[in-house]
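Spelled out from the first residue to the last, the chains are:
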Amino acid sequence: MLGTFQTIFAADLSPGPENDAGAACDEIKTSLHALADSEHAESLALDLASGGGNSTAIVMTRLSALLDRTNDLRVALRHVRQSAVARDPMVDQCTRMGFRALVISEKLSSDVESVLFGGDDDAFAQAPALKPGAPAPSPLAPQP
């Protein structure tokens, strides 16, 4: 019986996920992966919509999921920033990565919302990035 209490007591004193830098980073990374999957799904829906199909409902559904994953990342970042390991250098790096992704995701969501709800029924046809056959913007190559 005493051994059981000692085990329970030891478990209570062991560092929990909120006190472990690796677990904090894992929480952020899990949210980032879910957000990336959602962004990919939104990209596919936008590609369908740019082809002239009636895919607005799909884009809106995927946008809703994207907003949910963005909020999940925001919650994870808040949780990690309020944890005991928030000042750990590894956690700081993970948090910075999470905030950069959050800003990019919010920009993407805002752009999609402006295309969807911009007030014009033909918003997909007028959006430069959504025109069929329009070249996709190329990522900037690092300069040597």
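The coordinates are above.
A few points on the structure. (Residues numbered from 1 in each chain as written. Predicted model: local features only at pLDDT ≥ 70, side-chain atom pairs only at ≥ 80, totals over all residues. Heavy atoms only, no water.)

**Examining the overall build of the chain**
Counting its regular elements, the chain contains five helices and zero strands. Starting at the N terminus and walking to the C terminus, you meet the elements of the chain as α-α-α-α-α. Of all 144 residues assigned to the chain, the portion counted as buried reaches 28%. A separation of at least 24 residues holds for 72% of the contacts in the chain among residues at least 6 apart in sequence. A total of about 9,800 Å² of accessible surface is found on the chain, and carbon and sulfur atoms cover 58% of it. (Helix = DSSP H or I, 4+ residues; strand = E, 2+ residues; numbered from the N terminus. Buried < 20%, exposed > 50% of the residue type's maximum accessible area, 1.4 Å probe, protein only. Contact = heavy atoms within 4.5 Å. Areas by Shrake-Rupley, 256 points an atom, 1.4 Å probe, with all protein chains shown as cover.)

**Let's talk about the environment of D47**
In this fold, D47 is placed in helix 2 (residues 21-50). Residue classification places D47 among the exposed positions, given a relative accessible area of 54%. Between the alpha carbons of D47 and V59 there is a distance of 9.4 Å; along the sequence they are twelve residues apart.

**Observations concerning the packing of helix 2 against helix 4 (residues 89-116)**
To characterise two packed helices, one gives the angle between the axes of the helices and the distance between these axes. Across the interface, helix 2 lies against helix 4 with an axial gap of 10 Å and an inter-helix angle of 20°. One element, helix 2, and the other, helix 4, form an angle in the roughly parallel class. Our pair here, helix 2 against helix 4, has a crossing hand that is left-handed. Facing helix 2, whose interface residues are A21, G22, A24, C25, I28, K29, L32, L35, E39, E42 and L46, helix 4 presents M90, V91, C94, T95, M97, G98, A101, S105, L108 and V112. Of the residues in the contact of helix 2 with helix 4, the class split is 14 nonpolar, four polar and three charged. (Axes fitted to C-alpha atoms, helices over the stretch in contact; angles between N-to-C directions. Parallel < 35°, antiparallel > 145°, perpendicular 65-115°, else oblique. Left-handed = near helix turned anticlockwise from the far one by under 90°. Nonpolar A, V, L, I, M, F, W, Y, C, P; charged D, E, K, R; others polar.)

**Looking at the pattern of salt bridges**
Taken as a whole and judged by the stated rule, the model has four salt bridges. Among the ionic pairs, E106 bridges to R74, the shortest N-O distance being 2.1 Å. In this pair, E106 is assigned in helix 4 and R74 in helix 3 (residues 56-81), connecting sequence segments 32 residues apart. You can call R74 partly exposed: its relative accessible area is 28%. Of the charged contacts in the structure, one is a salt bridge between D111 and K107, with a shortest N-O distance of 2.8 Å. (Salt bridge = Lys/Arg side-chain N within 4 Å of Asp/Glu carboxyl O.)

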